[in-house]
Amino acid sequence: MTLLVIAYLGGVLTILSPCILPVLPFVFARAGQPFLKGTVPMLAGMALTFAAVATLAAVGGSWVIHANEYGRYIALALLAVFGVTLVSPTIAARLTQPVVAFGDNLSRSVDGHKSVPTAGSSLVLGVATGLLWAPCAGPILGLVLTGAALQGANVQTTLLLLAYAGGAVTSLAVALLIGGRIFARMKQSLGTSERMRQGVGVAVLAGVASIALGLDTGVLASFSYASTTRVEQALVDKLDITRRDAGTLVASNSMTLAANDARRNVESDLPVEGRIPSLDGAVEWLNSAPLTAEQLRGKVVLVDFWTYSCINCIRTIPYVRAWAEKYKDQGLVVIGVHSPEFAFEKKIDNVKDALKNFDIGYPVAVDNNFKIWRAFDNSYWPAHYFIDAKGQIRYHHFGEGDYERSEEVIQELLAEANGQKTASELIKPDASGAEAAADFGNVRSPETYVGYKQATNFVSGEPVKPDAPQVYTTTPPALNQWALSGNWTVEAEQATLNQPDGGIVFRFSARDLHLVLGPNASGKPVRFKVTVDGKPPGNDHGADIDAAGNGAVTDTRLYQLVRQADGVKERDFEIRFLDPGVEAFVFTFG
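Residues numbered from 1 in each chain as written. Predicted model: local features only at pLDDT ≥ 70, side-chain atom pairs only at ≥ 80, totals over all residues. Heavy atoms only, no water.

Chemist: Help me understand the overall build of the chain in this model?
Modeler: Scanning the chain from terminus to terminus reveals 19 helices and 18 strands. When each of the 590 residues of the chain is scored for burial, the buried share is 50%. For the chain, the proportion of contacts with a sequence separation of at least 24, taken over those separated by at least 6, is 75%. For the chain, the accessible area works out to roughly 26100 Å², and carbon and sulfur atoms hold 58% of it. (Helix = DSSP H or I, 4+ residues; strand = E, 2+ residues; numbered from the N terminus. Buried < 20%, exposed > 50% of the residue type's maximum accessible area, 1.4 Å probe, protein only. Contact = heavy atoms within 4.5 Å. Areas by Shrake-Rupley, 256 points an atom, 1.4 Å probe, with all protein chains shown as cover.)

Put into structure tokens, the structure is as follows:
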């Protein structure tokens, strides 16, 4: 409710923006005209157009995150134009000059030839006003649109846009009533409004640059100024609403919880970060019937966002799996939310195979449409959210590591729920293969994508020919450079080998080298051979090949190909495929 009020007030104050002034004479021209034929159609046209333009900006922003490569370019351009118009009133005026001129001609036509305007002419003038109003909007709309870009369109975004449009219409209606007398007073506020508008423009452009550079799931998410949920929470905290409302919510949960509270002698000092959002939206649930937040009340819940080819997720699985088994009888429920990075991870059968391979028996929600991901306002793989028996999020952790603290949180929340502490040593899983912890101190090679959408450091003798067969040749790579050899088709997410005896070379520095591989649509296994520094890997072979370097791609997943046994140093890796049809996605290291 607080954000809706702020959005409405932001819409009201938009009329103070400098680039709104050129259109106000057309607005004031409606003053004194019949209300139903002059004022109402104009306000309706303005509100509808403003909402449409704002919605396109929000949807365009969402495309930046979720659409294909061409959609990203279009959406980035859309948001960039929006940001530039906020920064520069001169550019905004030039871009909207045809609309303003059209409104001017329409206004003169109406006033010069008709004593009473038609509803149609007023509606068109409202449309022109809305087109100009949208790029002049202020900081609150910038927050809403950028939040929609990162989180996706949702009910909250829609309500905020409607509130903002309602505020803008209100100020426009007041302008119609007051007329030209408001002009002089508006000018006094131009300096502050201009600086605020330009600040939002710079923030939007920074967001566009961050997304274009691939930082939208990392740095941008960490410093997100656009999360409407977090803005609302900060405002609520300052108004001291959280503590009052939290007491009301807990008291209304159930008589059972109230009775349990009276018996408790163990309370955790973990802060309340919010409430567990809806778990609706999964396309399928595995290992369990669909679960709801209401069904989980009274249980301590760990929600684990993961995707099965992500090496960082794979290395957390031994801990999550062990926690689920160790604490299930004490009231812990672990829920995996599988949110795919690649298209092949959306296939239900692939996810089922992954659950078997990783021996995962706890419930998994297949979140192919990222609905649960957005409900949690999540931005990371892996991400862990710890929820108490009252349905409150009490702790979160992003990425690998800090397992001791995570297990201590589980113990604290279970002790709080059960009313007593249970002494227990922390787990130390015996992980092997790709599940084993990384040697982070010696990792000098970054995650490297093969598909042209995110590829870097590609050094074959020929430039990439997108989505078309091409013969590539290798050149000796420097550290963290890679190249293709043979006949490949490089697509947005992966490269597919069209003929046998093609390969990939990569000069890396890390203990472990992994490569996400899969057979093409035919599903036929693809044999391959790995060499390190031109020789069979021997003791440096990974879990998915033998000492001679032989292996086979049988399903689409992460393959561990190298694990250096005697210290880490720069090595030349090469994999040659004896059969056609392999798809290569991404290198990761550990």
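We are not done yet, so read on.
Chemist: Explanation requested: the pairing of strand E4 (residues 332-338) in the structure shown.
Modeler: The side chains of a regular strand alternate between the sheet's two faces. Counting buried residues in E4 gives 7 out of 7 residues, a clear majority hidden from the surface. Because side chains alternate across E4, one face comprises the buried residues Leu332, Val334, Gly336 and His338, and the other comprises Val333, Ile335 and Val337, equally buried. Sheet topology places strand E3 (residues 300-306) next to E4; 7 bridges connect them, and they run parallel. Its bridge partner lying in E4, aspartate 304 is registered against glycine 336. Considered for its hand, the β-α-β crossover made up of E3, helix H16 (residues 311-327) and E4 is right-handed. In terms of strand pairing, E4 meets strand E5 (residues 364-366) through 3 bridges, oriented parallel. Bridging across to E5, valine 337 finds its partner in alanine 365. As a crossover connection, the stretch from E4 through helix H17 (residues 348-357) into E5 is right-handed. (Pairing = 2+ DSSP bridges. Right-handed = clockwise from strand over helix to strand, strands pointing away.)

Chemist: Where do I start with the sheet that holds E5 in this structure?
Modeler: Strand pairing within a sheet occurs via backbone hydrogen bonds; the two strands may be parallel or antiparallel. Strand order across the open sheet formed by 7 strands is E1-E7-E6-E3-E4-E5-E2, with mixed pairing between neighbours. Every other strand in the sheet has two partners, leaving strand E1 (274-275) and strand E2 (284-286) as the edge strands with one partner each. Strands in contact with helix H19 (residues 403-418) are E3, E4, strand E6 (383-387) and strand E7 (392-398); relative to E7, the strand with the most contacts, it is inclined by about 170°. (Axes fitted to C-alpha atoms, helices over the stretch in contact; angles between N-to-C directions.)

Chemist: Whenever I open this one, empty space enclosed by the protein confuses me. Can you help?
Modeler: If a probe as big as a water molecule is rolled over the atoms, it shows which places are left empty. What the rule picks out here adds up to 3 cavities of 30 Å³ or more. Computed from the structure, the second largest cavity encloses a volume of approximately 50 Å³. Its residues assigned to classes, the lining of the second largest cavity comprises 5 nonpolar, 2 polar and 2 charged. (1 Å grid on protein atoms, 1.4 Å probe; cavity = no way out; pocket = protein on both sides within 12 Å on 5 of 7 lines; lining within 4 Å. Points joined across faces, edges and corners; volume = space filled by probe spheres on them. Nonpolar A, V, L, I, M, F, W, Y, C, P; charged D, E, K, R; others polar.)

Chemist: How should the packing of aromatic side chains be read in this particular structure?
Modeler: Think of a pair of aromatic rings as described by two things: how far the centres are apart, and how the planes are tilted against each other in angle. Enumeration according to the criterion identifies 25 aromatic pairs in this entry. Ring centres of tyrosine 385 and phenylalanine 398 lie 6.0 Å apart, and the angle between their planes is 65°; this geometry places the pair in the edge-to-face category. Here phenylalanine 398 lies in strand E7 and tyrosine 385 lies in strand E6, a separation of 13 residues in the sequence. The exposure class assigned to tyrosine 385 is buried, which follows from its relative accessible area of 5%. For phenylalanine 398, a relative accessible area of 28% gives the class partly exposed. (Phe/Tyr/Trp six-rings, centres within 6.5 Å; stacked < 30°, edge-to-face > 60°.)

Chemist: What exactly am I supposed to notice about the environment of alanine 438 here?
Modeler: By the element assignment, alanine 438 lies in the loop between H19 and strand E8 (448-449). On the accessibility criterion, alanine 438 (13% relative accessible area) is buried. Residues alanine 438 and alanine 510, spaced 72 residues apart in sequence, show a C-alpha to C-alpha distance of 9.3 Å. If near-sequence neighbours (up to four positions away) are discounted, alanine 438 is found in contact with Arg315, Arg511 and Gly590.

Chemist: Got a minute to help me understand the packing of H16 against H19 in this structure?
Modeler: If you want to describe how two helices pack, look at the angle between their axes and the distance between the axes. H19 packs onto H16 with a crossing angle of 20° between their chain directions and a minimal axis gap of 12 Å. By the angle between their axes, H16 is roughly parallel relative to H19. Where H16 crosses over H19, the two elements pack in a sense that is right-handed. Across the interface between the two elements, Arg315, Thr316, Tyr319, Trp323, Lys326 and Tyr327 from H16 touch Tyr403, Ser406, Glu407, Ile410, Gln411 and Leu414 from H19. Among the residues making up the contact of H16 with H19, the classes are represented as 6 nonpolar, 3 polar and 3 charged. (Parallel < 35°, antiparallel > 145°, perpendicular 65-115°, else oblique. Left-handed = near helix turned anticlockwise from the far one by under 90°.)

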